[in-house]
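Structural features, examined
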Amino acid sequence: MANSKNVNDRVTLEHSRLSGTVEEIERRFELSDAYVQRDSLGFVTVQRKDAVSLITHLRDYLGFSHLVMVTVVDVIEKGLLRLVYLLHNYSIGADLGVQVEIPRGEAPASAAEVSGSENGNGSKSIRPGHNGDTLLASGLTSGAEAAKPAYTEMDSIHHLWAQAATYQRELKEMYGINFPGSPRVDEEFALEGWKDVPPMRRDFDTLAYSESTFFPRPGRKTHDPVEYMKKNMYPDEPDGGTGA
Amino acid sequence: MSEAKILNPEDEGTGGREAVGNAIRLANLDLPEEDRELYCDARPQPVKPYTGILEKFANWARANSLWILGFGTGCGAIELRPLMTSRFDMYRYGIQPRPTPRQSGVFIIGGYASVKTLKRIVRSYEQMQGPKFVLALGSCTINGGMYWDSYNTINRLDHYIPVDVYIAGCMPRPEALIAGFNKLKELIKAGKAEGANQYAENFDWYKANQKKVIRDWNMPDYNW
């Protein structure tokens, strides 16, 4: 490359735009990890109990006024969910991701009972009004028992950014993380009438679910790409064109 | 797998065919009790064709006046826009879009249908007046396409509503759509596009399939 700056060079935290920010928050919060991916994007990992305080501090004192997104990674191998709050600072032009690891949690025993009893009596209330009322009532007392099982909980940040409520609603539906107190968090977001494991959890077998639910049309063939290429494109090469 | 095989229209003993024409009313059990009387509880009935030249004339007229329901249900809906433009000009074939199901005769399912959309598809299809026809675009409506193993996307559309013509592709181009329309015209003129009657005759089978995937069925059993 004629270009003097090699793009593969890792920017270090100390020389990035985020160095000041990370220095500042390290004095107040206990970070278990801090790194930058590029000059304008870095991540810090913080304890669950400090997360909302850190995000509030970033927003109110350090200029991270924009919530880009809230997402989660299902780290099933370690039995935890890694929440990522991505914040943007307009004055330094950089994103900072706040990572929080929370336990995945166990499927609540009540989940099966709830769906079973609804199927049994045959006259469930399905109007949104009815549903909402019962949810509200149960939400006040126990919190965890809603129409869809929530496996685990995290503090809501809807008071910092109103739009966070939408992300949190989606996270509850897709990953089973409850955010108590978040507006409309118990209402359905994209799935209607879902009673299974939250579909974005990695222990949910989407193929098996699809096959048992959606009437697969027979005759569908799937090729393993590696085997298919070995056979059809590189039959003469011992490594099958993989270069291994 | 095994569960899906139980519901097959070719099998003997499906309730759909036996119930044709009898006076069983729809129960609308999924509606709140006070709302049930507000909705129609009649089943759809098959319509007998006219005899001889009358039916031929009617079919010729139907084939030359295809009004599309303007409900873009998937990514393939984007291929309907160029059809209206001067380049493809679907109006020369007597095809035009209509805003409501009540005025439309052709329903184009534009590709993948999530369960949430399928609910609206069923509702819109039932509200259309017969004779009505369904064009299904793309591999997604045929066998799920690239969403075949998705938790929320149906695999084959013809288990939920009758499909007259499938147009393969991902996505099919406007030319393919016009070819599909011409095929549909042939079928209509030959008296073979009997989707609405098929739906009425196998109503229980279609309903069972629909209710199997649409878990929050909070609408009347027949949306008329």
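Residues numbered from 1 in each chain as written. Chains lettered and ligands numbered in written order. Predicted model: local features only at pLDDT ≥ 70, side-chain atom pairs only at ≥ 80, totals over all residues. Heavy atoms only, no water.

A few points about the packing of helix α3 (residues 53-63) of chain B against helix α7 (residues 174-189) of chain B
All names here are of chain B. One can describe the packing of α3 onto α7 by two numbers: an axis separation of 8 Å at closest approach and a directional angle of 165 degrees. With respect to α7, the axis of α3 lies roughly antiparallel. Where α3 crosses over α7, the handedness of that crossing is right-handed. Packed against α3, whose contacting residues are N59, W60, R62 and A63, the element α7 presents K185, I188 and K189 at the interface. (Axes fitted to C-alpha atoms, helices over the stretch in contact; angles between N-to-C directions. Helix = DSSP H or I, 4+ residues; strand = E, 2+ residues; numbered from the N terminus. Parallel < 35°, antiparallel > 145°, perpendicular 65-115°, else oblique. Left-handed = near helix turned anticlockwise from the far one by under 90°. Contact = heavy atoms within 4.5 Å.)

Re the state of the cysteines
Summed over the entire model, instances satisfying the criterion amount to 0 disulfides over all chains. Distance from the sulfur of B:C75, which forms no disulfide, to the nearest cysteine sulfur (B:C140) is 6.1 Å. (Disulfide = S-S within 2.5 Å.)

Quick notes on the sheet that holds strand β5 (residues 94-103) of chain A
Strand pairing in a sheet is mediated by backbone hydrogen bonds. Such pairs are either parallel or antiparallel. Residues and elements named next belong to chain A. Pairing is mixed across the open sheet formed by 5 strands, whose spatial order is β1-β2-β5-β4-β3. Both edges of this open sheet fall to β1 (31-38) and β3 (66-75), since each of them pairs with a single strand only. Going from strand to strand, the sheet's axes swing by 20 degrees on average, the running direction of each strand aside. Strand direction decides the pairing type here: strand β2 (residues 41-46) and β5, joined by 6 bridges, are parallel. The residue of β5 that forms the bridge with L41 is D95. Relative to the sheet, helix α2 (residues 51-60) contacts β1, β2, β4 (80-89) and β5, its axis offset from that of β5 by approximately 170 degrees. (Pairing = 2+ DSSP bridges.)

Digging into the confidence of the model for chain B
Residue and element names in this part refer to chain B. Summary statistics for chain B give a mean pLDDT of 86 and a share of 90% for residues scoring 70 or more. Per-element confidence in chain B is highest for strand β5 (residues 165-167), whose mean pLDDT is 95, and lowest for helix α1 (residues 2-6), whose mean pLDDT is 36. Predicted as a complex, the structure gets a pTM of 0.79 and an ipTM equal to 0.81. (pLDDT = per-residue confidence, 0-100.)

Notes on the pattern of salt bridges
Scanning the entire structure with this criterion turns up 25 salt bridges over all chains. One salt bridge connects A:R104 with A:D74, and the closest N-O pair in it is separated by 2.7 Å. Pair noted here: A:R104 is in the loop between β5 and α3 (110-121) and A:D74 is in strand β3, with a separation of 30 residues, a long-range link. The burial state of A:R104 is the same as that of A:D74; both residues are buried. In this structure, B:E175 and B:R173 form a salt bridge, with 3.4 Å as the shortest nitrogen-oxygen distance. When salt bridges with common partners are traced through the structure, they connect A:E192, B:K119, B:R120 and B:D216 into a single cluster. (Salt bridge = Lys/Arg side-chain N within 4 Å of Asp/Glu carboxyl O. Buried < 20%, exposed > 50% of the residue type's maximum accessible area, 1.4 Å probe, protein only.)

Some thoughts on the interface of chain A and chain B
Taken together, the 29 residues of chain A in the interface contact 36 residues of chain B. Interface area for chain A against chain B, summed over the two sides, is near 3,000 Å², with a carbon-plus-sulfur share of 53%. In terms of surface lost to chain B, no three residues of chain A exceed A:F214, A:F215 and A:R217, which account for 29% of the buried area on that side. Our enumeration of links across chain A and chain B arrives at 3 salt bridges. With its nearest N and O atoms 3.1 Å apart, the salt bridge here joins A:R217 to B:D158. (Buried area = accessible area lost by both parts, 1.4 Å probe.)

Observations regarding the environment of A:D203
All names here are of chain A. Inspection of the secondary structure puts D203 in the loop between β7 (177-178) and α6 (206-213). Overall, the relative accessible area of 42% leaves D203 in the partly exposed class. Spatially, the C-alpha atoms of D203 and G240 are 33 Å apart, while their sequence positions differ by 37 residues. With near-sequence residues (within four places) excluded, D203 lies in contact with I76, R104 and V197. Of the polar contacts made by the side chain of D203, one reaches the side chain of R104; its length is 3.4 Å. (Polar contact = N/O pair within 3.5 Å; in protein donor to acceptor, adjacent residues only side chain to side chain.)

So, unusual backbone geometry
All names here are of chain B. Cis peptide bonds are those with omega within 30 degrees of zero, and the linkage from G130 to P131 qualifies with -5 degrees. Structurally, P131 is set in the loop between α5 (115-127) and β4 (133-137). Cis rather than trans, the peptide bond between C170 and M171 has omega equal to -10 degrees. Here the phi dihedral of N28 falls at roughly 50 degrees; this positive angle occurs in a residue that is not glycine. Relative to the elements of secondary structure, N28 occurs in the loop between α2 (15-18) and α3. Relative accessible area serves as the criterion here: at 1%, N28 is assigned to the buried category. At D89, a residue that is not glycine, the phi angle is positive and equals roughly 50 degrees. Position of D89 among the secondary structure elements: in the loop between α4 (80-84) and β2 (95-98).

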